[in-house]
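# Working through the structure, step by step
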Amino acid sequence: MSATAVAPRRRSVPDPHELPRLLAGAGVGQGPVPLEEHVERHGVLPKEISRREAARLIDLVEASGLRGRGGAGFPTGRKLRAVAERGHRAVVVANGSEGEPASAKDKVLLRRVPHLVLDGAALASATVGAAEAFIVVGEGAERERLAIEDAVAERERRRLDGVAFRVVTVPDRFVAGEETALVNFLNGGPAKPTFTPPRPFERGVGGLPTLVQNVETLAHLALVARYGPAWFRGLGTEDQPGTALVTLDGAVGRPGVYEIPVGLPLRDLVERAGGVSAPISAFLVGGYFGAWIGVQNAVDLTLSNTGLAAAGASLGAGTIIALPTGTCGVVETARVARYLAGESARQCGPCLHGLDAIATAVEHLAARKKQRRGGSEDLPRWTAQVKGRGACRHPDGAARLVESALTVFADELARHARGTCTGDGRPLLRLPEARR
């Protein structure tokens, strides 16, 4: 079997141990990499591939170990195979909606290297037999929408692809980026998730088998197809190969989006970002569905799901926030808990009522208010009651965040119970106005 599924015309194979990969040639502050420059760097992919080439590409993606970069980390090859084996005309959805306010990695990818995303979407379409691919961005991502629309127009003028691209905006809601929510929206319904069959790979957009992949995953797919699984595994870990885009924010010298080898120590990432800009009490790892980790436990962790598991966290969508000691973790958790409660799809009790009760309880703790029920002794039971019982996974993620806060900020909770707080009152975490 060939090391690659397709053989584009290209100048050379990049060193598998060098960074960046996805963002190669994309300078900070510059506009999108133009098509001609992209082709000069990576070569032109074929418009169509045979069934044998499609099967080979799926085998190679599985061999590469590529997993989804949208948060769930599902094996990409398995998703491709599940749709391809339906044997029907299919649809591809490139998910760049990035509904979490703290994350910026997908926006950076769409804004700087849109052609790499479109390469991946075109290859995925050819592999599963899709004549149409939707590129989904959030309503507020105006620069990213324009960048991807311009890139589509460039490719159409060159007649570069065998698939029709459609750029679509989705509401800026936290749950809107979940794959079933996207399918519902593209079918004319509300952008709300569901975990009832059929799944998108069985019947999705327009009733057709549908592949939904995060835009970063598709960009990696384009590189695996060109350079092969051994090249892809030149960085990363055995069980999580490759690189990942992470959004680093908070008390660091240079907040921003970084491309890292999976498995990089958190300490090294912070050093790449100019070190800490203030003393740190904790890190929020995995975003608003992630977990707080105390600084004493966090600095020696490695940024992979295996490396983070012992701390009860995962890389998720790659959002990491350094919390300075002058910012109260209880107050910040209360802000996020209220935001997540407001982002409920409002289609089940655990999400609609449970998250509101949990958010209210955390708000009372943050405000140092006494109450008969909903104190720190009640919250572990309440978070346990909502997990696994929702119509989607929204309650699970919100509960995970609150549970981690109860442990990591136990000393701060004790201070709040005495009516004091170590915070300076300035908010840190990026949040739109919470919906009630």
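Everything that follows concerns the structure shown earlier in this document.
Before going into details, it helps to say that this report is about the structure given with it. Residue positions within a chain follow its written sequence, with the count starting from 1. Under the rules for a predicted model, residues below a pLDDT of 70 receive no local features and side-chain atom pairs below 80 are neither given nor counted, while totals for whole chains, interfaces and linings still include all residues. Calculated side-chain values reflect all of the structure's heavy atoms, with hydrogen atoms and water omitted.

Turning to the packing of aromatic side chains, a few remarks are in order. Stacked, edge-to-face and tilted are the three classes for Phe, Tyr and Trp ring pairs, Trp counted by its six-membered ring, which pair at centre distances within 6.5 Å; planes under 30 degrees apart are stacked, over 60 edge-to-face, the rest tilted. Going through the model one piece at a time under the given rule, you end up with five aromatic pairs. Pairing Tyr-227 with Trp-231 gives two aromatic rings, centres 4.9 Å apart and planes at 50°, and the pair type is tilted. Comparing Tyr-227 with Trp-231, the two get one shared label, buried. Considering the side-chain rings of Tyr-288 and Tyr-339, the 6.5 Å spacing of their centres and the 75° angle between planes classify their relative orientation as edge-to-face. Here Tyr-288 is found in the loop between β7 (280-285) and β8 (291-294), whereas its partner Tyr-339 is found in helix α13 (residues 329-342), with 51 residues between them in sequence. Think of it as a cone above the ring: NZ of Lys or CZ of Arg counts as a charge over the ring if it is within 6 Å of the ring centre and within 35 degrees of the ring normal. For Arg-21, the ring lying beneath its charged end belongs to Trp-231, and the centroid distance is 4.1 Å. The buried label goes to any residue with under 20% of its type's maximum accessible area, the exposed label to any with over 50%, and the partly exposed label to all in between, with areas taken from a 1.4 Å probe on protein chains only. Helix and strand labels come from DSSP, where a helix needs a run of H or I of at least four residues and a strand needs a run of E of at least two; each type is numbered from the N terminus.

Leu-80, Leu-109, Phe-165 and Leu-221 are the most contacted members of the largest nonpolar core, which has 49 residues in total. At nine residues, the largest contribution of residues to this core is made by helix α8 (residues 215-227). Whether two residues touch is decided by their heavy atoms; if any such pair falls within 4.5 Å, the residues are in contact. Those residues within four positions of Leu-80 in sequence are excluded, and the remaining contacts are Ile-58, Val-61, Ala-124, Thr-127, Val-128, Leu-211 and Leu-221. Throughout this description, the term nonpolar core refers to a set of buried Ala, Val, Leu, Ile, Met, Phe, Trp, Tyr and Cys residues connected via side-chain atoms within 4.5 Å.

All axes are obtained by fitting lines to C-alpha atoms, using only the stretch in contact for helices, and the reported angles, taken between N-to-C directions, cover 0 to 180 degrees. Following both chains from N to C, one finds helix α1 (residues 35-42) and helix α5 (residues 114-128) inclined at 65°, their axes separated by 9 Å at the closest point. The handedness of the crossing between α1 and α5 comes out as right-handed. Side by side, α1 and α5 meet where Leu-35, His-38 and His-42 of the first sit next to His-115, Leu-116 and Asp-119 of the second. Split by residue class, the contact of α1 with α5 holds two nonpolar, three polar and one charged. Handedness of a crossing follows from how the near helix is turned relative to the far one, being left-handed for an anticlockwise turn of less than a right angle and right-handed for a clockwise one. Each residue receives one of three labels: charged for Asp, Glu, Lys and Arg, nonpolar for Ala, Val, Leu, Ile, Met, Phe, Trp, Tyr, Cys and Pro, and polar for the others, Gly being one of them.

Residue pairs three or four apart in sequence face the same way in an α-helix, which turns once every 3.6 residues. If you check which residues of helix α3 (residues 76-84) are buried, you get Thr-76, Gly-77, Lys-79, Leu-80 and Val-83. In a view along the axis of α3, the buried residues occupy a sector of 165°, so they form one face of it. Here the buried face of α3 lies against α2 (51-64), β1 (90-96), α5, α7 (179-186), β4 (210-214) and α8. In this description, the arc belongs to the directions extending from the helix axis to the C-beta atoms.

A pair is scored as a salt bridge if a Lys or Arg side-chain nitrogen falls within 4 Å of a carboxyl oxygen belonging to Asp or Glu. Per the counting criterion, the structure on display carries 27 salt bridges. Between Asp-119 and Arg-155 there is a salt bridge; the shortest N-O distance is 2.7 Å. One end of the pair, Asp-119, is in helix α5; the other, Arg-155, is in helix α6 (residues 142-158), and 36 residues separate them in sequence. Taking relative accessible area as the criterion, Asp-119 reaches 4% and is therefore assigned buried. Looking at Arg-155, the relative accessible area reads 2%, which means it is buried. Residue Glu-132 pairs with Arg-166 through a salt bridge whose shortest N-O separation is 3.4 Å. You can see Glu-132 sitting in strand β2 (residues 130-138) and its partner Arg-166 sitting in strand β3 (residues 164-170), a full 34 residues away along the chain. According to the relative accessible area criterion, Arg-166 is partly exposed, its value standing at 42%. Each member of the salt-bridge network shares a partner with another, and the members are Arg-69, Lys-105, Asp-106 and Glu-216.

In short, geometric facts, not functional conclusions.
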